[in-house]
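For reference, the chains in residue letters:
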Amino acid sequence: MGIASMLQIDEMMGDFNRMNKRQSLYQVLSFAMIVSSALMIWKGLMVVTGSESPIVVVLSGSMEPAFHRGDLLFLTNYKEEPVRVGEIVVFKVEGRDIPIVHRVIKLHEKEDGSVKFLTKGDNNNVDDRGLYAPGQLWLTKKDIVGRARGFLPYVGIITIFMNEYPKVKWAILSILAIFVLLHRE
């Protein structure tokens, strides 16, 4: 660590020590309001889109050329809309924490009105049955997290980078938290 960074840390600690209790409490409350506002926006998006996860990041190259690793997808999941062949869906499989983004390639409609479907990544050679839970051959509506409605290319690469290098993530979050707590305005 260089002398300049040591001086910056010393200066920040001096700023913190000069704050009175009222200023400190104000900074903590400001930080709490930022966090709660972000959570309210997320919950609002969940209600408007009907999806438990209205925004996801593509984590692999299985959907290239449609979507690339790091693309940010916007999802909706309105229960009344039927699933169609060719749609790109995000689904969760029992036993896996991370949702998968793939295209519907087959529908299986039963006489009772229930619909099951099969998915496949555009860049994959085989369908997704190997990714489903053991004994599961088809997906149902309950497995769907959402349907891709739009995307921003490569915006989510920051999320991938921070997940692959957790020390960088914690350093960035710590610096942001310190800034919010010590910044006076």
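This structure is a prediction, so every number in the text was calculated from the model and none was measured.

Reading guide: rules and limits
Residues numbered from 1 in each chain as written. Predicted model: local features only at pLDDT ≥ 70, side-chain atom pairs only at ≥ 80, totals over all residues. Heavy atoms only, no water. Helix = DSSP H or I, 4+ residues; strand = E, 2+ residues; numbered from the N terminus. Contact = heavy atoms within 4.5 Å. UniProt positions renumbered as here; feature names shortened; annotations may be inferred. Pairing = 2+ DSSP bridges. Axes fitted to C-alpha atoms, helices over the stretch in contact; angles between N-to-C directions. Patch = residues over 30% accessible without salt bridge, like charges linked within 9 Å, V, L, I, M, F, W, Y side chains within 5 Å. Areas by Shrake-Rupley, 256 points an atom, 1.4 Å probe, with all protein chains shown as cover. Salt bridge = Lys/Arg side-chain N within 4 Å of Asp/Glu carboxyl O. Buried < 20%, exposed > 50% of the residue type's maximum accessible area, 1.4 Å probe, protein only. Parallel < 35°, antiparallel > 145°, perpendicular 65-115°, else oblique. Nonpolar A, V, L, I, M, F, W, Y, C, P; charged D, E, K, R; others polar. Core = buried A, V, L, I, M, F, W, Y, C linked by side-chain atoms within 4.5 Å.

## A few points about the side chain of S51
- Relative to the helices and strands, S51 resides in the loop between α2 (21-49) and β1 (55-57).
- Once residues lying within four places of it in the same chain are set aside, the contact partners of S51 are M46, L75, T76, N77, V145 and G146.

## A short note on the UniProt feature "transmembrane region" (unreviewed entry) in the protein chain
- This chain's UniProt record puts "transmembrane region" (unreviewed entry) on residues 24-42.
- The span residues 24-42 carries 100% helix and 0% strand; its end-to-end C-alpha distance comes to 28 Å.

## Observations concerning the pairing of strand β4 (residues 100-109)
- Bridge count for strand β3 (residues 88-91) against β4 is four bridges, and the pairing is antiparallel. Within β4, the position partnered with V90 by the bridge is V101.
- The antiparallel hairpin formed by β4 and strand β5 (residues 115-120) contains five residues in its connecting segment, where G113 sits at a positive phi of about 95°.

## A few points about the sheet that holds strand β2 (residues 72-76)
- Ordered in space as β1-β2-β6-β3-β4-β5, the six strands form an open sheet in which the pairing is antiparallel. Each edge of the open sheet is held by one strand with a lone partner, namely β1 and β5. Strand-to-strand, the axes of this sheet are offset by a mean angle of 50°, without reference to chain direction.
- Sheet analysis places β3 next to strand β6 (residues 144-152), joined by three bridges and oriented antiparallel.

## With respect to a nonpolar patch on the surface
- Residues W170, I172, L173 and L176 make up a contiguous nonpolar surface patch of about 400 Å² in total accessible area.
- Counting through the fold element by element, L176 comes out in helix α4 (residues 166-182).

## Things to note about the pattern of salt bridges
- Scanning the model with the defined rule gives seven salt bridges in all.
- Close ionic contact of R103 with D122 constitutes a salt bridge, the shortest N to O distance being 2.7 Å. Here R103 is found in strand β4, whereas its partner D122 is found in the loop between β5 and β6, with 19 residues between them in sequence.
- On the basis of relative accessibility, which here comes to 29%, the residue D122 falls in the partly exposed class.
- Through salt bridges with shared partners, a single ionic network connects E81, E87, R147 and R149.

## A closer look at the packing of α2 against α4
- It is at 8 Å that the axes of α2 and α4 come closest, and there the two elements cross at 130°. By the criterion of interaxial angle, the relationship of α2 to α4 is oblique. When α2 is examined against α4, the residues Q27, V28, F31 and I34 are found in contact with a partner set consisting of A177, V180, L181 and L182.
- Of the residues belonging to the contact of α2 with α4, the class tally is seven nonpolar, one polar and no charged.

## Thoughts on unusual backbone geometry
- In this structure, the amide linkage connecting E64 to the following residue, P65, adopts the cis form with an omega of 10°.
- Considering the arrangement of structural elements, one finds P65 in the loop between β1 and β2.
- If you check the backbone angles, Y154 has positive phi at about 60° while not being a glycine.
- With respect to the helices and strands, the residue Y154 is situated in the loop between β6 and α3 (157-164).

## Regarding the nonpolar core
- The biggest cluster of nonpolar side chains holds twelve residues, and these are V83, V89, F91, V93, I100, V104, F117, L118, Y132, A133, L139 and I144.
- Of all the elements in the fold, those that place two or more residues in this core are β3, β4 and β5.
- Those residues in contact with Y132, other than ones at most four positions away along the chain, are F91, V93, F117, L118, T119, L137, W138 and L139.
- M63, F67, V90 and V101 belong to the second largest nonpolar core, which has ten residues in total.

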